[in-house]
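If you want the building blocks of each chain, they are given just below.
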Amino acid sequence: PVHSGSDLTSPAQVIDLENAELLARTDHHRILRAHRDDETVVVVTQLVADASNGADLERLGNEFTFTRLLGDTLPRQALAATLVDGRPALLFSDPGGTPLATAARDASLSERLELAVATTRALSRLHALGITHGDVATDNVLVLPDGEALLIDLELAMLETYSVVEASHPTELAATLTALPPENSGRLRRCSDRRADLYGLGATLFEIVAGRPPFVEGDALGLVQSHIARAPPSLLELSAEIPTALA
């Protein structure tokens, strides 16, 4: 596993970042599909410029460890922990696919429901292996060419049955705020376990169907408070095409 800059296991890699496809981005890292200098296509998880502290490196190492641990049970493999353009990064084989948000954007309602089922199956497979993902959100799902879904970004994954998230400012939380389980906010003094993944799944499915997250506050504190204290709007209020039974 990668826990510090000195633990990087492979020489620095030459990656064509200029022509890379951005799959996802957070305040801590970005995920890209890019070509290596030998023309092979890889998926790169790279820390952003202002994210190189011990916690960021620890999370990067956690993803590398869990992807290696899962081995052939995933359609992508961990290739290297290295430096790309001078920043810590992980390289993975490219399973192909499209970010979930992109796949759902112009899809019909029935197609979006198929995406929802595929995402649910992907989480179920991970839980069956005893792993809690820790950050189930639209940005962390790839829709593969065969229609199945793959949960990526295992930086917060764990084998433990539960964990306790320490209190911190909302802007310092590593998880995706638009799908943040209340117990992962660090404000409730409650243990976080696999049920937090189910909350994140619910927020993800809401976004697939409604075309927007459950809460759309413009600041981090507002999002956290909404997950803790507010009920999301009814799907019936957001789209006339959604059947009452689904809402």
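Details of the structure are given in the entry above.
In this report, the structure presented in the accompanying data block is examined. Here the structure is a predicted model, which is why all the values come from computation and not from measurement.

1. Examining the environment of Thr119
Along the chain, the position of Thr119 falls in helix 3 (residues 109-128). On the basis of relative accessibility, which here comes to 1%, the residue Thr119 falls in the buried class. In the structure, Thr119 is positioned 14 residues away from Arg105 in sequence and 15 Å away in space, judged by C-alpha atoms. Sequence-distant contacts of Thr119, that is, excluding residues within four places in its chain, are made with Leu100, Val141, Ala149, Leu201, Thr204 and Ile208.

2. Focus on the sheet that holds strand 1 (residues 21-25)
Strand order across the open sheet formed by 5 strands is 1-2-3-5-4, with antiparallel pairing between neighbours. Pairing within the sheet leaves two strands with one partner each, and these edge strands are strand 1 and strand 4 (78-84). Neighbour-to-neighbour, the strand axes of this sheet turn through a mean angle of 25°, independent of strand direction. Bridge count for strand 1 against strand 2 (residues 29-35) is 4 bridges, and the pairing is antiparallel. What sits directly across from Arg25, in strand 2, is Arg30. Along the sheet, helix 1 (residues 54-70) makes contact with strand 3 (41-47), strand 4 and strand 5 (87-93), crossing strand 5 at roughly 15°.

3. Quick notes on the sheet that holds strand 6 (residues 98-99)
Strand order across the open sheet formed by 3 strands is 6-7-8, with antiparallel pairing between neighbours. The sheet is open, and its two borders are formed by strand 6 and strand 8 (149-151), each paired with just one other strand. Of the pairings in the sheet, the one linking strand 6 to strand 7 (residues 141-143) comprises 2 bridges and is antiparallel in character. Each residue of the ladder has a partner; that of Thr98, found in strand 7, is Val143.

Rules and cut-offs
- Residues numbered from 1 in each chain as written.
- Predicted model: local features only at pLDDT ≥ 70, side-chain atom pairs only at ≥ 80, totals over all residues.
- Heavy atoms only, no water.
- Helix = DSSP H or I, 4+ residues; strand = E, 2+ residues; numbered from the N terminus.
- Buried < 20%, exposed > 50% of the residue type's maximum accessible area, 1.4 Å probe, protein only.
- Contact = heavy atoms within 4.5 Å.
- Pairing = 2+ DSSP bridges.
- Axes fitted to C-alpha atoms, helices over the stretch in contact; angles between N-to-C directions.

From the geometry alone we can't say anything about function, so treat these as descriptive.
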